[in-house]
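# Examining the three-dimensional arrangement
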Amino acid sequence: MTTPAILLFGNANVDLVLGEIDGWPAVGTEIMVDRSETRPGGSAGNMALALSGIGVPHLFIGSTGDDANGAWLRSQFDPRFCKWIIDGGETTVTVGIVHRGGDRVFFTTPGHLQAARIADLLKALPAAPHDRAVATIAGGFLMPDIAAGTARLLWELSALGWRTAIDPGWPPSSWDDKTRTMMAQWLGLADYALLNAEEVKGFTGIEAHEPAAAAVAGMLKQSQALVLKMGPEGARAYRGGETFAVQAPEVRVIDTVGAGDTFNAAFLAALVEGADLRAALSSGVETAARAISTFPRRYDAG
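Described below are features of the structure shown in this document. Going along each chain's sequence as written, the residues are numbered from 1 onward. Only residues with pLDDT of at least 70 are given local features in this predicted model, and only at 80 or more are side-chain atom pairs given and counted; all residues enter the totals for whole chains, interfaces and linings. Side-chain figures throughout are based on the complete set of non-hydrogen atoms in the structure, without hydrogens or water.

### Side note on the sheet that holds strand β13 (residues 242–246)
Using the following cut-off: In this description, strands pair whenever DSSP reports at least two bridges between them. Helix and strand labels come from DSSP, where a helix needs a run of H or I of at least four residues and a strand needs a run of E of at least two; each type is numbered from the N terminus. Angles run from 0 to 180 degrees between N-to-C directions of axes, and those axes are lines fitted to C-alpha atoms, restricted for helices to the stretch in contact.
The nine strands are arranged β5-β4-β1-β8-β9-β10-β11-β12-β13 in an open sheet whose pairing can be described as mixed. With one partner strand each, in any of the chains shown, β5 (82–86) and β13 form the two edges of the open sheet. Sheet twist, expressed as the average angle between the axes of neighbouring strands with direction ignored, equals 15 degrees. Both strand β8 (residues 134–138) and strand β9 (residues 163–167) contribute to a ladder of five bridges, which runs parallel. If you follow Ile137 over to β9, its bridge partner there is Ile166.

### Quick look at the side chain of Thr150
Note the cut-off: Definition of a polar contact: a pair of N or O atoms within 3.5 Å, with one able to donate and the other able to accept a hydrogen when the atoms are protein atoms, and with sequence-neighbouring residues admitted only if both atoms are side-chain atoms.
Relative to the helices and strands, Thr150 resides in helix α4 (residues 144–159). Polar side-chain contacts of Thr150 include one of 2.7 Å to the backbone oxygen of Ile146.

### Side note on the environment of Ala138
If you trace the backbone, Ala138 turns up in strand β8. In the structure, Ala138 is positioned 29 residues away from Asp167 in sequence and 4.7 Å away in space, judged by C-alpha atoms.

### A short note on the pattern of salt bridges
Applicable threshold: We define a salt bridge as a contact between a side-chain nitrogen of Lys or Arg and a carboxyl oxygen of Asp or Glu at a distance within 4 Å. Buried residues are those whose accessible area, probed at 1.4 Å on protein chains only, stays under 20% of the maximum for their type, while exposed residues exceed 50% and partly exposed ones sit between those limits.
For the coordinates displayed, the defined rule picks out eleven salt bridges. Taking the shortest distance from any N to any O, the salt bridge between Arg117 and Asp120 comes out at 2.8 Å. The class of Arg117 is partly exposed, set by a relative accessible area of 39%. Across the pair Lys123 and Asp120 runs a salt bridge, and its minimum N-O distance is 3.8 Å. By relative accessible area, Lys123 is classed as exposed at 69%.

This is the structure in structure tokens:
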């Protein structure tokens, strides 16, 4: 099979999404919620699902445990676009609690993500099919060995002709010297940094997202881009001293779990098709807005 122009590495796990709640209940009490949904998740997993939803070929190289949850998780993805590494042990599970208005919090078990190995990914690297092809590493902070080897993975991908993107997520240990050092190293290597407003604030230690984003953008070379995801405010891209901004459409939010990952998928798919930064931002925010306002979730406009 010809290598698709979008390559994904990173985390897939089982998501149990519950909601909505107005606030945390007191310890020892029980509350009722209106709905629950068990679905495949994880940053890279959500990107793969969104790409399948909008009909874009891709190759997702991911892992699961060898338990029943792992078998179920693998079955939820299009087998044409996946290459699975099955590790011994339990599959990671995330519980997402949706607060009214769309905010959410996640509780995640270690599971198979702790066992994921960078060596398995390095053995599976294909050459890029053309010069617009993009390889993305997502959710790396949840996978210790992947995080430790991400710089090498980015270098190897670039050597094989891929443009590269990172969306490492929020580090479980929060932002400390180690995670900031790793992020700075990745920013020096990736063509696209796909971050949200909280992540740029956490990384820089700056309390407002606009100066935080400016500080991150100032770390990049002229050819690199910071893409800032801002939820209902839309998205911005910073590259070569220029800023591009796109507003998100107003929608009735059902839940925002995976919104940023869906944005990533549509944004990168547009770039691969030759769109400029502004057009790619528009594709990302429109697709994400559709996903968070439909149940069952829908990605395309049909």
